[in-house]
Amino acid sequence: MTTELPYAADAEVSLAYDELDVLRIQYQKELAQGHVTVQTKFNYSWGLVKSPMREHQVEGVRLLQDIYRAEPTRRRECLYYLALGHYKMGNFDEAKKFNALLMDKEPTNMQAQSLSQLIDRAVAKEGYIGMALAGGAAAVGTILLAGLIRRATRK
């Protein structure tokens, strides 16, 4: 099954401020009128998730979760952007969960496969950083301990 949605790498590109502003204005206009269409809410959440600003991403994920719960016909679209939003915020477990749900529905979805690779690389990188920090802390602890032992044996 093919998809018209962008590969995960393409989704890393943010909208221009003016483009996001157009989506925000439309969303706020409909909100003030008492009825926000699902498409307007989705478009705005999509733009927020693509933003480099964490608070935008958090709001985008919140709006997507609202759509996911309320609109069963839009769940497939929401799954990818929920996974992407959590990935961009560093919530890799949540990103994996939503992406796995999408891949269960569409195992050949290239977009989900691409995002899965990005998530796996980020998890591996996070693991390497954690190991490096632990190794560095162990080295510092060893040096301090050696210094204390050396000092104690001189007295």
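Residues numbered from 1 in each chain as written. Predicted model: local features only at pLDDT ≥ 70, side-chain atom pairs only at ≥ 80, totals over all residues. Heavy atoms only, no water.

**Topic: the overall build of the protein**
Here's step 1: Within the protein, the regular secondary structure consists of 7 helices and 0 strands.
Here's step 2: Helices and strands in the protein line up, N terminus first, as α-α-α-α-α-α-α.
Here's step 3: Out of the 155 residues in the protein, the part that is buried amounts to 32%.
Here's step 4: Taking the intrachain contacts of the protein between residues at least 6 apart in sequence as the baseline, contacts between residues at least 24 apart amount to 57%.
Here's step 5: Counting every atom, the protein has about 9600 Å² of accessible surface; 59% of that belongs to carbon and sulfur. (Helix = DSSP H or I, 4+ residues; strand = E, 2+ residues; numbered from the N terminus. Buried < 20%, exposed > 50% of the residue type's maximum accessible area, 1.4 Å probe, protein only. Contact = heavy atoms within 4.5 Å. Areas by Shrake-Rupley, 256 points an atom, 1.4 Å probe, with all protein chains shown as cover.)

**Focus on the packing of helix α4 (residues 54-70) against helix α5 (residues 75-89)**
Here's step 1: As a packed pair, α4 and α5 sit with axes 9 Å apart at the nearest point and diverge in direction by 155°. Comparing their axes, α5 and α4 come out roughly antiparallel. Our pair here, α4 against α5, has a crossing hand that is left-handed. Together, R54, Q57, V58, V61, L64, Q65, I67, Y68 and R69 of α4 and R75, C78, L79, Y81, L82, G85, H86, K88 and M89 of α5 make up the contact between the two elements.
Here's step 2: In terms of residue class, the contact of α4 with α5 is built from 10 nonpolar, 4 polar and 4 charged. (Axes fitted to C-alpha atoms, helices over the stretch in contact; angles between N-to-C directions. Parallel < 35°, antiparallel > 145°, perpendicular 65-115°, else oblique. Left-handed = near helix turned anticlockwise from the far one by under 90°. Nonpolar A, V, L, I, M, F, W, Y, C, P; charged D, E, K, R; others polar.)

**A short note on the environment of Q65**
Here's step 1: Of note, Q65 is situated in helix α4.
Here's step 2: Spatially, the C-alpha atoms of Q65 and L82 are 7.5 Å apart, while their sequence positions differ by 17 residues.
Here's step 3: Once you skip the residues sitting within four places of it in the chain, Q65 turns out to touch L82 and H86.

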